[in-house]
Amino acid sequence: MKQKKIFLMVLAFQVILISCSKNDGNSDNPVIPPISSTLNIVTNNTTNIIGQNQATIGGNITSDGGTAITARGICWNTSPSPTILSNKIQTGSGIGTFTATLTNLLNSTIYYARAFATTNTSTVYGAEINFTTKPLSIAGGGVTDADGNTYTTVIIADKEWMAENLRTAKYQNGDIIPNITATNSWYNTTTGALCYYNNSSGYNNSYGKLYNWFAATDARKISPVGWHVPSLGEWSTLVSNYGALNSSVIAGGALKQAGTSQWQSPNTNATNVSNFTALPGGIRIDNNGNFSGQGQYGYWWTADEQNPISGRLVSLIYNQGIFNSSFPASAGKTGGLSIRCVKD
């Protein structure tokens, strides 16, 4: 996926760093001359983008004033005037330019940073700068499928996802995906097919359509152009931003739409802090073509195959906060599940 980049003005600050001690005429207690330093904020190495959890700070010590600089680097904190007792990265010694990548930062948080230079007698600091890390979840640009349906999207950790279930009835090339209503025809098909839950189009606008695995992975592509059906690994990466897989406290609830207007009560731990707005579209069962679970379960196909007759899926449930990627691990390829897409 091509990373979305938000270009920020590179701020440059030129300051004179001064550390003095009393000159009593003793050569062992000299006046330390000024040290000149330039700070530049960049992020993600050299792309000028502030990340959710990291930023790269560059410094330049242009003169040591004749006093050896034994250590240099960047210090930072969530409060002003950071020092080397706060958080620091040392990047060598002496004069010259240097960079340091700050990691494990909190998203949507203001940080304060400045360069430091340490001599044999003191540590001096450059001008302070501040930056705000990006929120973990921001609104995407939206997307339109081959059938003309438009979707809201959300960018989570630099990946853009649909914030709605897929509703298309066409592949990218315009070919129609058959809508199979008869139960025996449904579970006997070995090519791409779709249906509405309970064969009722009234579910379409809110919950989207249900598709078998053959449709999800058809070479004609069911996703909008420039998008794809996510792999299990991509789902796992998404969830890792909100807690470990199968976390009963965080991960699933962060993805589920909050409240009980569409999820059945109690909709455990649902906060939708991700703005992913997962909905319980239910399932069309692979071995009999019947429908089950609307309002209680959300099931989504991945692009991964479990074995020749089964595909991998992920799921959420109304009475738990768990994001499931291991139970159930798969469904028969003739099952009818929802689909979310992710941008290439």
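Look above for the structure.
Here's a quick rundown of the structure. (Residues numbered from 1 in each chain as written. Predicted model: local features only at pLDDT ≥ 70, side-chain atom pairs only at ≥ 80, totals over all residues. Heavy atoms only, no water.)

Some points on the overall build of the protein
Looking only at helices and strands, the protein has five helices and 24 strands in total. Across the 344 residues in the protein, those meeting the buried criterion constitute 50%. Look at the contacts in the protein between residues 6 or more apart in sequence, and 59% of them connect residues 24 or more apart. Surface accessibility of the protein: about 14800 Å² in total, with carbon and sulfur atoms responsible for 49%. (Helix = DSSP H or I, 4+ residues; strand = E, 2+ residues; numbered from the N terminus. Buried < 20%, exposed > 50% of the residue type's maximum accessible area, 1.4 Å probe, protein only. Contact = heavy atoms within 4.5 Å. Areas by Shrake-Rupley, 256 points an atom, 1.4 Å probe, with all protein chains shown as cover.)

Observations regarding the side chain of Arg312
Residue placement: Arg312 occurs in strand S21 (residues 310–317). Although Arg312 is buried, it makes no salt bridge; Asp304 carries the closest opposite charge, 6.3 Å away. At 3.0 Å, the side chain of Arg312 forms a polar contact with the backbone oxygen of Ser325. If near-sequence neighbours (up to four positions away) are discounted, Arg312 is found in contact with Trp213, Leu232, Trp301, Thr302, Asp304, Glu305, Gln306, Ser325, Ala329 and Ser330. (Lys, Arg positive; Asp, Glu negative; His and termini not counted. Salt bridge = Lys/Arg side-chain N within 4 Å of Asp/Glu carboxyl O. Polar contact = N/O pair within 3.5 Å; in protein donor to acceptor, adjacent residues only side chain to side chain.)

Quick look at the pairing of strand S14 (residues 159–162)
Of the pairings in the sheet, the one linking strand S13 (residues 153–156) to S14 comprises four bridges and is antiparallel in character. Paired with Thr153 across the strands is Met162, a residue of S14. Adjacent in sequence and paired antiparallel, S13 and S14 are bridged by two residues, among which Ala157 carries a positive phi angle near 50 degrees. (Pairing = 2+ DSSP bridges.)

Focus: the nonpolar core
Trp161, Trp235, Leu238, Leu255, Phe276, Leu316 and Phe323 are the most contacted members of the largest nonpolar core, which totals 25 residues. Contributing elements (two or more residues each) for this core: S13, helix H4 (232–240), helix H5 (251–255) and S21. With four residues, the top contributor of residues to this core is H4. Beyond its immediate stretch of four places on either side in the chain, Leu238 contacts Ile156, Trp161, Leu255 and Phe276. (Core = buried A, V, L, I, M, F, W, Y, C linked by side-chain atoms within 4.5 Å.)

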